[in-house]
Amino acid sequence: MASLRNDSSRPIGVFDSGIGGLTVVKELTSRLPNEQIIYFGDTARVPYGSKSNDTVIEYSIQNTHFLLSKNVKAVVVACNTASSVAIPALQDRFDVPIISMIEPGSAFALSKTKSGRIGVIGTRATIGNKAYSTELLKHIPTLEVFEKACPLFVPLVEEGMIESEPTRLIAQEYLDEFKANNIDTLILGCTHYPLLKKVISSVVGEGVTLVDSGIAAAITVAEVLAEYSLLADLPSQKQNEFYVSDLPRQFKKIAELFLGNEITSLQKVDLEVLTALG
């Protein structure tokens, strides 16, 4: 790690199973305006939440290899499913800072809850691995944590159906039970979910604080880069770069709508390239 200390001009790498990690990119761009970001969305293999742990670890290793081929100085795993199973394998294998979603999101939720009743929504893998509940209860064992898998949210976001009537009805079906649980904080345990904030809030009620793990992770990224003297001293002269494994046109359309600016550097990466890197 010491060899990276004087190379702060390198970009930050971010990967996700699809477009959800753009919520993290948006926060990173806001908090760290000097940094160049290289983003990889594995749109050919989304969603990760329905895959086995071994498969998610394999994909995460391939994605990290790809980002490192772009000379990144740190890797943000902007996917809660990958964060819940692949972080130890990535940290053992790669000699750059690897930042997860789970710990920052949990810490943020703990700072917000007043009642100690926290809800968590995520993919089947994230919920099945009890990633958030384990982390939360490690800090405060008396918490009451209510978890729910919401597998249809990711494909709805990937299709751009962010505020559609079917999305609202599915959200109601998934989230109504949280009202009976009387939570005051809800962790959006998938980086796709903040794109559905408006719909989710309308179902659980405005009195429930929604925790965006991407915001929390961006704060952690800034802290980690500062710790290793890797914060960029001057604004990057290079534009952010985006890579996907499929459907670049669809990605571009949704990404520009969400980020609020034109994406001028977007390329498709063949799966054969990724699997060769793994």
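Just so we're clear, the structure is a prediction, and the values are computed from it rather than from any experiment.

1. Description of the overall build of the protein
Per the secondary structure count, the protein includes 13 helices and 10 strands. Computed over the C-alpha atoms, the radius of gyration of the protein is 18 Å, within 12% of the 19 Å expected from 2.2 N^0.38 for a compact globule of 278 residues. Projected onto the principal axes, the alpha-carbon positions of the protein cover approximately 50 × 40 × 35 Å. Every one of the 278 residues in the protein was classed for burial, and the buried ones make up 54%. When contacts within the protein are restricted to residue pairs at least 6 apart in sequence, those whose partners lie at least 24 apart make up 77%. Carbon and sulfur atoms provide 49% of the accessible area of the protein, an area that totals close to 12,000 Å². Mean positive and mean negative side-chain charge positions of the protein (25 and 32 charges, respectively) differ by 2 Å.

2. Re the pairing of strand β5 (residues 117–122)
Among the six residues of β5, six are classified as buried, and the element is accordingly described as predominantly covered. Residues Arg-117, Gly-119 and Ile-121 point to one face of β5 and Ile-118, Val-120 and Gly-122 to the other, with burial holding for every one of them. Here β5 pairs with strand β6 (residues 144–149) via six bridges, running parallel. Residue pairing across strands places Val-120 opposite Glu-147, the latter belonging to β6.

3. Here's the deal with the sheet that holds strand β4 (residues 98–99)
Hydrogen bonds between backbone groups are what pair the strands of a sheet, and the pairing can be parallel or antiparallel. In spatial order, the strands read β4-β3-β1-β2-β9-β10; together these six strands make up an open sheet with parallel pairing. Among the strands making up the open sheet, the edge pair consists of β4 and β10 (266–268).

4. Here's the deal with the confidence of the model for the protein
On average, residues of the protein score 93 in pLDDT, and 97% of them are at 70 or above. With pLDDT under 50 throughout, residues 1–5 is counted as low confidence; its partners more than four residues away or in other chains account for 14 contacts.

5. Overview of the side chain of Ser-17
Its location among the elements puts Ser-17 in the loop between β1 (12–16) and α1 (22–31). For Ser-17, a relative accessible area of 5% translates into the label buried. In contact with Ser-17, not counting residues within four places along its chain, are Gly-41, Asp-42, Thr-43, Val-46, Tyr-48, Cys-79 and His-192.

6. A few points about the side chain of Thr-113
The residue Thr-113 is located in the loop between α5 (102–112) and β5 in this model. Setting aside chain neighbours within four positions, we find Thr-113 in contact with Ile-118, Asp-184 and Thr-185.

7. Details of unusual backbone geometry
With omega at 0 degrees, the peptide bond leading from Val-46 into Pro-47 counts as cis. Within the fold, Pro-47 resides in the loop between β2 (37–41) and α2 (53–68). Phi angles above zero are rare outside glycine, and Lys-130 is one such case at about 50 degrees. With respect to the secondary-structure elements, Lys-130 resides in the loop between α6 (124–128) and α7 (131–139).

About the cut-offs
Residues numbered from 1 in each chain as written. Predicted model: local features only at pLDDT ≥ 70, side-chain atom pairs only at ≥ 80, totals over all residues. Heavy atoms only, no water. Helix = DSSP H or I, 4+ residues; strand = E, 2+ residues; numbered from the N terminus. Rg over C-alpha atoms; globule rule 2.2 N^0.38 Å. Buried < 20%, exposed > 50% of the residue type's maximum accessible area, 1.4 Å probe, protein only. Contact = heavy atoms within 4.5 Å. Areas by Shrake-Rupley, 256 points an atom, 1.4 Å probe, with all protein chains shown as cover. Lys, Arg positive; Asp, Glu negative; His and termini not counted. Charge placed at Lys NZ, Arg CZ, Asp CG, Glu CD. Pairing = 2+ DSSP bridges. pLDDT = per-residue confidence, 0-100.

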